[in-house]
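# Close look at the chain arrangement
So you can see what is in the structure, the chains are spelled out below.
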Amino acid sequence: MALLPILQYPDPKLYTVAAPVTAVDEDIRRLIKDMADTMYAAPGVGLAATQVNDHRRVIVIDLSESHDHLQVFINPEIVARSGVATCEEGCLSVPGIFEKVARAERITVRALDGRGESFTLEAEGLLAVCVQHEIDHLEGKVFVDYLSRLKQQRILARLKKQKRQIL
Ligand code: NI
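Overview of the structure.

The next thing to look at is the coordination of the nickel ion. The protein atoms donating to the nickel ion are Cys91 (SG), His133 (NE2) and His137 (NE2), with metal-donor distances spanning 2.1 to 2.2 Å. The sequence motif formed by the donor residues of the nickel ion is C-x41-H-x3-H. With Cys91 in strand β4 (residues 85-91) and His133 in helix α2 (residues 125-138), the pair connects residues that are 42 residues apart, well separated along the chain. What makes Cys91 buried here is its relative accessible area of 10%.

Judged by side-chain charge, Arg158, Lys160, Lys161 and Arg164 come together as a positively charged surface patch. Counting through the fold element by element, Lys160 comes out in helix α3 (residues 149-166).

Attention now moves to the nonpolar core. Nonpolar side chains in soluble globular proteins tend to be buried together. Grouped together as the largest cluster of nonpolar side chains are 16 residues, with contacts concentrated most on Ile59, Ile61, Phe73, Ile107 and Val131. Secondary-structure elements contributing two or more residues to this core are β2 (58-61), β6 (106-112) and α2. Tallying contributions element by element places α2 first for this core, with 6 residues. With residues up to four places along the chain from it excluded, the contact list for Ile107 reads Ile78, Ala80, Arg81, Leu121, Glu122, Ala123, Ala128, Val131 and Gln132. Listed in part, the 14 residues of the second largest apolar core include Val24, Leu47, Ala49 and Val52.

Once that is clear, we can look at the sheet that holds strand β3 (residues 71-82). One open sheet holds the 5 strands; their spatial order is β1-β2-β3-β6-β7, and the pairing between them is antiparallel. Only two strands of the sheet have a single partner each, and these edge strands are β1 (46-48) and β7 (118-124). Direction aside, neighbouring strands of the sheet carry axes that sit 40° apart on average. The sheet contact formed by β2 and β3 spans 4 bridges and is antiparallel. Residue pairing across strands places Ile61 opposite Gln71, the latter belonging to β3. Helix α1 (residues 26-41) contacts β1, β2 and β3 of the sheet and is inclined by roughly 40° relative to β2. Most of the contacts of α2 go to β2, to which it runs at about 150°, and overall it touches β1, β2, β3, β6 and β7.

Looking now at the packing of aromatic side chains. Each aromatic ring pair is described using two quantities: the centre-to-centre distance and the angle formed by the ring planes. Here the structure, examined in full by the defined rule, presents 1 aromatic pair. A ring pair is formed by Phe73 and Phe119, whose centres lie 5.7 Å apart and whose planes are at 50°; its orientation type is tilted. Separated by 46 residues along the polypeptide, Phe73 in strand β3 and Phe119 in strand β7 bring together distant segments of the chain.

Calculation notes
- Residues numbered from 1 in each chain as written.
- Predicted model: local features only at pLDDT ≥ 70, side-chain atom pairs only at ≥ 80, totals over all residues.
- Heavy atoms only, no water.
- Donors = N, O, S within 2.8 Å, 3.2 Å for Na, K, Ca; no water.
- Helix = DSSP H or I, 4+ residues; strand = E, 2+ residues; numbered from the N terminus.
- Buried < 20%, exposed > 50% of the residue type's maximum accessible area, 1.4 Å probe, protein only.
- Patch = residues over 30% accessible without salt bridge, like charges linked within 9 Å, V, L, I, M, F, W, Y side chains within 5 Å.
- Areas by Shrake-Rupley, 256 points an atom, 1.4 Å probe, with all protein chains shown as cover.
- Salt bridge = Lys/Arg side-chain N within 4 Å of Asp/Glu carboxyl O.
- Lys, Arg positive; Asp, Glu negative; His and termini not counted.
- Charge placed at Lys NZ, Arg CZ, Asp CG, Glu CD.
- Core = buried A, V, L, I, M, F, W, Y, C linked by side-chain atoms within 4.5 Å.
- Contact = heavy atoms within 4.5 Å.
- Pairing = 2+ DSSP bridges.
- Axes fitted to C-alpha atoms, helices over the stretch in contact; angles between N-to-C directions.
- Phe/Tyr/Trp six-rings, centres within 6.5 Å; stacked < 30°, edge-to-face > 60°.

Geometry only, nothing functional implied.
So, in structure tokens, the structure goes:
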């Protein structure tokens, strides 16, 4: 089991746009395993490769309480979206901060799974939120980027204070 360090906002590396995966090979499977271990240990319900400073288009999600329903999305693409829903979001790269973000209520996502097989999934609710949040990471976007400038400044100040307290 390998736990990977998670980049912390506002690390500029979080703003890297990830590159498509060209082959789902041993290397990618190791990355998926390490990302899942890191997500479960955090604990979190979703993690994008960007957050562990690997800029390939890989996402892991597990919304189960038992941590036995890992969903892997490689080169994910949202092919349809409808409705608007607002949900309070958090992020392992922005610890302790929860803010409301409006996103599509329902999405259809196409991706490759951990064996390199293509699949299409319709999602709503928390899964839809999570997939959109993680795909944003691959695009170099963090959920706080949707907030007002004032809120972003407050978050930065709070994170700085948290860091001082830890040190
Ligand atoms: Ni996140």
